[in-house]
Number of protein chains: 2
Amino acid sequence: MALFDLLGRHWAMGVLWTLSEIGPCTFRKLQEDCESISPAALNTRLKELQAAGFVHRVEDGYAPTELGLRLYGQLRPLGDFSKEWARHLNAQD
Amino acid sequence: MALFDLLGRHWAMGVLWTLSEIGPCTFRKLQEDCESISPAALNTRLKELQAAGFVHRVEDGYAPTELGLRLYGQLRPLGDFSKEWARHLNAQD
DNA sequence: CTAAGTTGCTACATAATTTGTAGCACCTCA
DNA sequence: TGAGGTGCTACAAATTATGTAGCAACTTAG
């Protein structure tokens, strides 16, 4: 699936997630919140996400588009799943 | 989110997706269905997915675990979203 | 028993991607 | 005019992936 090519890049989902959680924000703030993403990679991800129509530039920096927010909506359940997964991993030890 | 570290690797979601769609299958069939994944990368992904508890070995090769199938369930809506997205991209041209 | 096929997987050189750090060019506001 | 913020580029080093070859273990057929 072509969508996986895009999302399966380092930090692609993280950037969209962060942007959707904290709302419109600057390049630099995004860089802080995605701990240890290099500016080069962030820039590349932002360009890809913009080309894909999930993110666009706004006055205050970057923000998710309406489509981007819908994608975030699909991703959000993974947050809860992630907790269930953590419990599973602990139970394994 | 830690889950994104795992899924945001090249072919990680694709492998789980394929495995859930076509059911238990061999290493080599997985390699064919994920067109152009190198055996080294596939092996790495499989080890990671096994360590995460999403995939395990079975008689016929590899199969998603129950937890893996639940994760696939969370991912599945992305399939429909992907079509919506394709429509959106075409409308842009 | 042997030879052919299939399996999972490793080896390794090349290529692509990411990091980490530095810093530039542009703006705004005092 | 200079102090701060902005988005972003440069570039070497590290990490990760590709592509091709092939090995070792196992099954099956003759």
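Below is a short write-up of the structure. Note that the coordinates shown come from a computational prediction; the quantities given were computed from them, not determined experimentally. (Residues numbered from 1 in each chain as written. Chains lettered and ligands numbered in written order. Predicted model: local features only at pLDDT ≥ 70, side-chain atom pairs only at ≥ 80, totals over all residues. Heavy atoms only, no water.)

Before going further, it helps to examine helix H2 (residues 12-22) of chain A. Residues and elements named next belong to chain A. Counting buried positions over the eleven residues of H2 gives nine, a clear majority of the element. For H2, the full list of buried residues reads Ala12, Met13, Gly14, Val15, Leu16, Trp17, Thr18, Leu19 and Ser20. With its phi angle positive at about 80 degrees, Gly23 sits one or two positions after the end of H2. (Buried < 20%, exposed > 50% of the residue type's maximum accessible area, 1.4 Å probe, protein only. Helix = DSSP H or I, 4+ residues; strand = E, 2+ residues; numbered from the N terminus.)

Around DNA strand D, the surrounding shell holds 16 residues, and the nearest of these are A:Phe27, A:Arg28, A:Asn43, A:Tyr62 and B:Arg45. In DNA strand D, atoms within 4 Å of the protein come from the sugar-phosphate backbone in 57% of cases. At 3.3 Å from a phosphate oxygen of DNA strand D is found a side-chain nitrogen or oxygen belonging to B:Ser38. Take B:Arg45: an N or O atom from its side chain is 2.9 Å from a phosphate oxygen of DNA strand D. When contributions to the surface near DNA strand D are tallied by element, the ones reaching two or more residues are helix H3 (27-33), helix H4 (39-51) and strand E2 (61-64) of chain A together with helix H4 (39-51) of chain B. For the surface near DNA strand D, the element with the most residues is H4(B), which contributes four residues. The class makeup of the residues in the surface near DNA strand D is six nonpolar, six polar and four charged. (Near = heavy atom within 4 Å. Polar contact = N/O pair within 3.5 Å; in protein donor to acceptor, adjacent residues only side chain to side chain. Nonpolar A, V, L, I, M, F, W, Y, C, P; charged D, E, K, R; others polar.)

What follows concerns the side chain of B:Ser82. For B:Ser82, the position within the fold is in helix H6 (residues 77-92). The class for B:Ser82 is buried, based on a relative accessible area of 12%.

Okay, the packing of helix H2 (residues 12-22) of chain B against helix H5 (residues 66-75) of chain B next. All names here are of chain B. Close contact between H2 and H5 brings their axes to 10 Å; oriented N to C, the two are set at 105 degrees. Taken together, H2 and H5 sit at an angle that is classed as roughly perpendicular. Of the residues in H5, those touching H2 at Met13, Leu16, Trp17, Ser20 and Glu21 are Gly68, Leu69, Leu71, Tyr72 and Leu75. Each residue belonging to the contact of H2 with H5 can be placed in one class, and the counts come to seven nonpolar, two polar and one charged. (Axes fitted to C-alpha atoms, helices over the stretch in contact; angles between N-to-C directions. Parallel < 35°, antiparallel > 145°, perpendicular 65-115°, else oblique. Contact = heavy atoms within 4.5 Å.)

The partner chain A presents 31 residues to the 31 residues of chain B that form the contact. Summed over both sides, the interface between chain B and chain A buries roughly 2,700 Å², with carbon and sulfur atoms accounting for 75% of that surface. Broken down residue by residue, the surface that chain B buries against chain A is led by B:Phe4, B:Phe81 and B:Trp85, which jointly contribute 24%. One can count two salt bridges joining chain B with chain A. One salt bridge connects B:Glu84 with A:Arg70, and the closest N-O pair in it is separated by 2.2 Å. Taken together, the connections running from chain B to chain A amount to four residue pairs in polar contact (both at pLDDT 80 or more). Elements with a contribution of two residues or more to the side of chain B that touches chain A: helix H1 (2-7), H2, H5 and H6 of chain B. It is H6(B) that provides the largest number of residues to the side of chain B that touches chain A, a total of ten residues. (Buried area = accessible area lost by both parts, 1.4 Å probe. Salt bridge = Lys/Arg side-chain N within 4 Å of Asp/Glu carboxyl O.)

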